[in-house]
Every structure is written in C-alpha cells, then in structure tokens.
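# Structural features, examined
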Amino acid sequence: QSVILPAVVLGLDFAGTLIRFLRADLEVQVGADYVRTALATGQSKRRIMIRHVARNSLISGITVLGLAFGNLITGATIVETIFDWPGIGLLAIDSIRERDYPVVQGTVLFMACAFVVVNVMTDVLYAVVDPRVRLD
C-alpha cells in the first residue's frame, strides 16, 4: 500500500516523456518507405508493426530511458525525503543536514557510478537492438 503513491509520483512524469517520444518516432517510422514496401509484399500490418516499426523505434525509447535515469535518481531522492523512506536519497539528504561529508561523498559517488553504468548499458542495448551499431 505504501508503494503506490511514490511509484505514481516517480512514474507519471517519466511516462509522459517516454510516450511522447515513442509516439513521435512511431509516426515517423510508419511513414517510411520500408513500411510501404513491406505492405506491398503482402506482410500483415501487425507483423510490420512488431518486426520493423517497433524495433526501429526502440532506439529512441532506449535513449529516453538512459537520459531519464538521472532524473529518476534525483526524483527518488526527493520522494524518499517526502515519504520518509529509507534509501540512498534520504541518507544523502540526512548527511547533508548533519554535515557528514564522507557519507555525502559516498552517496554522490554511488549515484554517479550508477549513472555511468546505466549509460554504458544504454550503449550496449543500442548494439543489441540495431545491428548497424557496433561497439568498438
């Protein structure tokens, strides 16, 4: 019960951005030449949407997810403070109030490392989704 409101607070802002980007990219993909060609070859609209259009639109979705992770970290910090949830965000805020600088440095370092790991995973997902992207 106590998870619903914080999850809604974090998810609504992010969901709107993700849906807006995906919708715009799907509209561009549906109007592309390869969709017309696939329709002309007799493939079903469902197959075209799943196999071609959705896969090509995943790249923009992955980009938005990767970039939004930083906002989710800061948003989680605020949500943890408001709802008094124990977590790294609340620990950081409490450490700032108490001027416990080593703990503040540790939480900031952890959040920065998490952000870097998510960005690396985003780059790896690009290569998985789009075979034209190679990791060198």
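As shown above, the structure is provided for reference.
Overview of the structure. Remember, predicted model here, so these are calculated numbers, not experimental data.

## Things to note about the packing of helix α1 (residues 4-30) against helix α3 (residues 45-83)
For any two helices packed against each other, one specifies the inter-axial angle together with the distance between the axes. Where α1 contacts α3, the axes come no closer than 8 Å and their chain directions differ by 155 degrees. Of the possible angle classes, the one that applies to α1 and α3 is roughly antiparallel. Both α1 and α3 take part in a crossing whose hand is right-handed. Grouping the amino acids of the contact of α1 with α3 by side-chain chemistry returns 19 nonpolar, 7 polar and 1 charged.

## Describing the environment of V30
Structurally, V30 is set in helix α1. Judged by its relative accessible area of 41%, V30 is partly exposed. In the structure, V30 is positioned 37 residues away from L67 in sequence and 25 Å away in space, judged by C-alpha atoms. Residues contacting V30, with those up to four places away along its chain left out, are V35, M49 and V53.

## Thoughts on the pattern of salt bridges
Scanning the model with the defined rule gives 3 salt bridges in all. For E27, the salt bridge is made with R23, and the minimal N-O distance between the two is 3.1 Å. With E27 and R23 both in helix α1 and 4 residues apart, this pair spans about one turn of that helix. On the basis of relative accessible area, E27 is assigned to the partly exposed category, the value being 47%. A relative accessible area of 54% places R23 in the exposed class. Residues D94 and R97 are paired through a salt bridge, measuring 3.4 Å at the closest nitrogen-oxygen approach. Linking D94 with R97, this pair stays in helix α4 (residues 88-98), spanning 3 residues, or about one helical turn.

## Some remarks on unusual backbone geometry
One non-glycine residue with positive phi stands out, namely D84, at about 55 degrees. As for its placement among the helices and strands, D84 is situated in the loop between α3 and α4. The backbone of R99 sits at a positive phi, close to 55 degrees, despite the residue not being glycine. For R99, the location among the structural elements is in the loop between α4 and α5 (101-129).

## Let's talk about α4
Where α4 is concerned, the buried positions are G89, L90, A92 and S95. Considering only its buried residues, α4 is in contact with α3 and α5. Taken from the residues just after α4, R99 is the one with a positive phi, measuring 55 degrees.

Basis of the calculations
Residues numbered from 1 in each chain as written. Predicted model: local features only at pLDDT ≥ 70, side-chain atom pairs only at ≥ 80, totals over all residues. Heavy atoms only, no water. Axes fitted to C-alpha atoms, helices over the stretch in contact; angles between N-to-C directions. Helix = DSSP H or I, 4+ residues; strand = E, 2+ residues; numbered from the N terminus. Parallel < 35°, antiparallel > 145°, perpendicular 65-115°, else oblique. Left-handed = near helix turned anticlockwise from the far one by under 90°. Nonpolar A, V, L, I, M, F, W, Y, C, P; charged D, E, K, R; others polar. Buried < 20%, exposed > 50% of the residue type's maximum accessible area, 1.4 Å probe, protein only. Contact = heavy atoms within 4.5 Å. Salt bridge = Lys/Arg side-chain N within 4 Å of Asp/Glu carboxyl O.

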